Structure formats: C-alpha cells, structure tokens
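Understanding the architecture of this molecule
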Amino acid sequence: MARPGVLLLLAVAAAALLAAAVPGARGFYLPGSYPHKYNPGDYLNVKVNSLTSIDTEMPFSYYSLPFCEPQDGVKDSAENLGELLMGDRIENSPYRFRMYTNESDVFLCRSPPLGPDAFALLKKRIDEMYQVNLILDNLPAIRYTRKDDYLMRWTGYPVGIHVGVDYYVFNHLQFTVLVHKYEDANVARVMGAADATDAIPSGAKDAASSPGWMVVGFEVVPCSIKHNPEDVKSRKMYDQYPNKIKCDPTTVSMSIKENEPIVYTYEVNFVESDIKWPSRWDAYLKMEGAKVHWFSILNSLMVIAFLAGIVFVILLRTVRRDLTKYEELDSEAQAQMNEELSGWKLVVSDVFRAPSNPMLLCVMVGDGVQILGMAVVTILFSALGFMSPASRGTLITGMLFFYLVLGILAGYVGVRVWKTIKCGDHSGWVGVSWRVACFFPGIAFLILTTLNFLLWGSHSTGAIPFSLFVVLLLLWFCISVPLTLVGGFLGAKAPHIEYPVRTNQIPREIPPQKYPSWLLVLGAGTLPFGTLFIELFFIMSSIWMGRVYYVFGFLFIVLLLLVIVCAEVSLVLTYMHLCVEDWKWWWKSFFSSGSVAIYIFLYSINYLVFDLKSLSGPVSATLYIGYSLFMVIAIMLATGTVGFISSFCFVHYLFASVKAD
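Residues numbered from 1 in each chain as written. Predicted model: local features only at pLDDT ≥ 70, side-chain atom pairs only at ≥ 80, totals over all residues. Heavy atoms only, no water.

1. Overview of the overall build of the protein chain
- The helix and strand tally for the protein chain stands at 18 helices and 14 strands.
- Nonlocal contacts in the protein chain, meaning residues at least 24 apart in sequence, comprise 84% of its contacts between residues at least 6 apart.
- Accessible surface computed for the protein chain: about 31000 Å², of which carbon and sulfur atoms make up 63%. (Helix = DSSP H or I, 4+ residues; strand = E, 2+ residues; numbered from the N terminus. Contact = heavy atoms within 4.5 Å. Areas by Shrake-Rupley, 256 points an atom, 1.4 Å probe, with all protein chains shown as cover.)

In structure tokens form, the structure reads like this:
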C-alpha cells in the first residue's frame, strides 16, 4: 500500500468507527437494497434458506425434511457466487401474506405419513438442533426468547424439540410483520445516498399520491400444536383451519410418530412500527460488547507503545550512537576499530547474502501481499457499508474479486524481491510468477476439495457444486494467473533494490548461540496474537455460532494495529539476531511475525474444545479443523510478509549508513 494513503486509511477507519460508536448514528443506509413499496392487499412471499446447526456446522436443504412445498413447485432464488460458497440455498416457500391483512388459523398442508427414513431423519435433525431460516423482503426471521431478565435474539427457529422420549415438531408459526408507511422522507433519505439513486423504483416518485407500506421487521414465534389430520383431509392450501388455534410457545404437543402425517398451519399479524427503513437492520446488527472492542484496541495500543519504545531505543540510541562514533574517526582509526567491532557491525559483508530457498521466500511474500491487500480493501469497504448483510454473499464475492485483481501486485512484489536477491538478474521471473499464482490458491484448492468431498458425502448444501468448481478454476487460470504474470513482467522491468554493502565470497561463521534462535522467533508471535485475540473471539463466534458480525470499523483498526505490531516485532527480532552475529535473518524475519498463526491455530483448537463442546461427529470436527488450517495459512503469509518487508527496510537503512568496503 502506498505510503501517502496511510493517513487517508486511518481517517476513513476513524470515521467508520465514530459512525458505529455515536448513539445517534445508528440509522444508516445499507447499499445493496432499496425500499419496496407494498400496497394493502399485495402479496408478500416468504423465502427459505438452508437449515443450519451450530452442532454440526453442515447446512442442509429446507426441503430435505417433510415440510410443505409451494403449489407451483420449488424454485431457486437468484444467487451470487458468495452465497453458493457460504452454503446458502435460498428457495421459495408456501408461506404467503397479504400486506396489512391479518390472518389466523391458516391451513398450509398435511404432509405424507412419515416413513421410517423420514421419521429417523427428522428425529436426527431435531437432536442436532437444526434451525429453520425464513426470509421476508430480504429480512431474516428473528425470534425473541427471555432468559431471567435478558431478552435474547435469534435468527430462525428450531425444527423441533426433544422432551423425554418424545420428539415434538414446531408445526404452527405465528408471524409478526412490522411495517412502516412509505413516506417521502424515507424516499428522499435513501435517494440521498449516491450509490442508491439508480436503484429506486420508478413508482417512488408517486409515493405521496399512493399510500403504501414498507417491511421493516419480521418476527416469528414457533409453536407445537396437536392437529387432527382427519379434520383437514378435504382442505386446500390457505383454507381456514376448522378449529381455533392458540399459539403457546411454552408448551409442546405435536409429537411425531412413524406412519403419521404432520399438519402445518400459520398466522400473521401486521403491526405498524416507528422503525424507519434505513434502521430496519439495527435489530440484527446491534453491536454487543462495545466496551470489549475498545478494550481490545487499548490493549493493542499498549503493546504497540511498548514495542515502539524498544524500536526508538534501538534506532536513536544504540544504532545512531555507534554510527556517529564510527563516522567521526579517520581512516586509520576506523581500520583499528574494525578489528575491535562486535555485534551487528561484524556481519556487514554477509547481511545481504542470499537466503536458502530464495524462490520460496519470494513466492510467500508475493502471496502475503495479495492476501493482506485483499483483507485491507475488503474490511475497509465493509466498514463503509458497501458489503451489507442486505446483500447476502457480497462479502465473500468481494473478497474473491479483490484477491483476483491483486494478483498483479503479488506478481510484481514476488519478482521484484527475486530480482533484488539476484542482484539485478531477472532470469527466472516467469517461474516465480507462476509459483506465486499457484502456491496459496493450490493449498486452498487442496484443503477445500478434501472438505468438499466430506460435505458431498453428507449431502450437505455446504458442498460446492461441480459447476461452481469449474467456475472457480476458470477464474483462477483465466484471471488470477494472467494478472500475476503481468505483475511479474512489470516487476522484472522495474529496477532492483541495490544493496548498500558488498557481500563476501566466503560466508562468515555464525558463533554458537546460548539458546536456539528459532525458539525466540516462535515466541515472538505471542505479541501480535495479544493484539488480536479479543477480536478473534467475536469473529469465531460469528463464523461458528451463527452470530452476525458487523463491527468492521473496529476490525479495520485492529488490522492496522496488527500490521504495526508485526512490523515492530520483526524489526526488534532481526536486530537482536544481528547483534549476536547471526546474519541469516531473511526467513527469521518472516516467521517472527508469521508465527502468530501458530497461536491462532492453538486458539482455534481451544475454541473447539471449550466453546464448541456440542460439535458432533468426526466430519464436523474435520470441517472445523480444515477451515481453521486454511485461515491460519493465509494469516501466516500476510503477517510474515509484513515482518519481512519491515525488516528488509530496517536492515537496508542500517547498513546504508555504514562506511565499509
């Protein structure tokens, strides 16, 4: 990232964080959706998403269970790449309402008698705590439960409940649709957003003349009610149920039995609400634990201040003092002093000696720049609201898009480092570019393919379809690889970074160390982990516990602080190694900050053991470990790259000040 843009990014992050923190700034427009005006009596169609469970982490199709199907058949809704990769399968449902028309005791359907397989599957899904996820006007159904004095929010509702030896299914749903009048003020407020002007329907201009309503909330209360299947034999879908239904969520009575059907019903009430259209997502995105996020940032700032103090001492006291004393001597005195030198000044002729496996280092640095750039841009756009939950899958789609485009930067950096190590010789740049384009994507492809076979075997909707696999391969080889090669070509043409000192033919022997240097390198990862672990808990809870994570303003600042800590840690460790005459700093600078990935992986195992105790089955645990491994490899490459680049700049600056032949 260009240095002039750092202040701009900090300003943007501060503005995003301020918008999230100020109480009066809660109602803001989320790009990706626009107000839909419904006239009284207009049909509202409910959609269904995949069944999900924090017990198994494997989504399944809604219609894999004996639920009612629409009269005109099941149809897939429009999906983007991100939705498919997340395992979302949004389909139509038989639930339909009329705007501002309350309905009660609506008969939906009577399922076929439960065969042995369907009965066993339904019991299994209830045991595994699967949730039904409904969507109305792009809002997920939300359910409120009270525990002690706390009101808890949940998206979706459970398939059923297991009490004693019986299994009960929630076959009656009580819907509450919150609506708000379609007013000129709302239209003007949304049209004021620069990215929304083209999305306003043509009918918006006539909003004042024709009354209408907007959906601003969607709540559900599931009930288990014993219906008599014989009473509805002659009833059709949406007919009135013959008896009055009283929904009591505290009791259950519809137990499932083999070879018996299930009768489904629902009711809907429309309630006028004061919630404005721009604020309708507040119930889902309400930020929990703001003080904890601030504590995380304060903790990070303390670590940064501590490390900055060490760097300040190194640069301004130790290094500057030595260099000033060295430069004030005449030639004879310098020659005499050279014989008495100790520490980092002794490795002046070896410090820029090429590392072992230089091509692998260049490849990892190139991939790290690509991943870090993708993370910064994606989180920045999310903090500004461009990747809202109103547009499902946009976060994953955006990450994939930015990763592909930044392939040109990965190729450029990888080849530029290669050319620098080779002292200006750019031969082999094509091989470096190819490896940069294939190294991390190849690892990701291997991990995801293995996990995908597990999901395919379980018939989960989380499995990536074969057609999508083909699309991803085409994106890889038709966009990412060519862009990386273009970046490599530009890197080969760019001038290499000249070393300030010459390297001897014969390498200097490294004196024996009191302790293994790699032990210090591995331990250095604890400091970057200390700046990240609090925010990491919220991210892990969002991924694995089904909680909404939308505090990207905090996350962006934590990311910037993590980059600063990684740079400082690597710089200090590199200086310490040079002081003990260890000139093999290249790989150690990479792993001194990249070792934070080890602690993140250990934290992931800890989270699996203590926070995901209910995770059932070896397949679910394998999926969790596989995705965690994929995540920590990406983090290792990104943080390691930060450490390497900061150390290289420090070493170059340090020895550029030394007058030595």
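From this point, things continue past the structure.
2. Structural notes on the state of the cysteines
- The full count for this structure, using the stated rule, is 2 disulfides.
- Each sulfur of the disulfide joining Cys68 and Cys109 lies 1.8 Å from the other. With the S-S bond torsion at -85°, the cross-link from Cys68 to Cys109 turns out left-handed. Placement of the pair is Cys68 in the loop between β1 (43-48) and α2 (81-86) and Cys109 in strand β3 (residues 103-110), with a sequence separation of 41 residues. Both residues of the pair, Cys68 and Cys109, count as buried.
- Two residues, Cys223 and Cys247, share a disulfide whose sulfurs are 1.7 Å apart. Handedness of the Cys223-Cys247 disulfide follows from its S-S torsion of about 65°: it is right-handed. (Disulfide = S-S within 2.5 Å. Buried < 20%, exposed > 50% of the residue type's maximum accessible area, 1.4 Å probe, protein only.)

3. So, the pairing of strand β10 (residues 160-163)
- When β10 meets strand β11 (residues 166-169), the two strands line up antiparallel, connected through 4 bridges. By the bridge assignment for β11, Gly160 is matched with Val169.
- The hairpin formed by β10 and β11 contains 2 residues between the paired strands, and Gly164 there has a positive phi angle of roughly 65°. (Pairing = 2+ DSSP bridges.)

4. Some words on the side chain of Ser93
- Here Ser93 lies in strand β2 (residues 91-98).
- Within polar-contact distance, the side chain of Ser93 engages the backbone oxygen of Val46 at 2.6 Å.
- Setting aside residues no more than four positions away along its own chain, Ser93 makes contact with Val46, Lys47, Val48, Tyr63 and Pro70. (Polar contact = N/O pair within 3.5 Å; in protein donor to acceptor, adjacent residues only side chain to side chain.)

Structural measurements only, silent on function.
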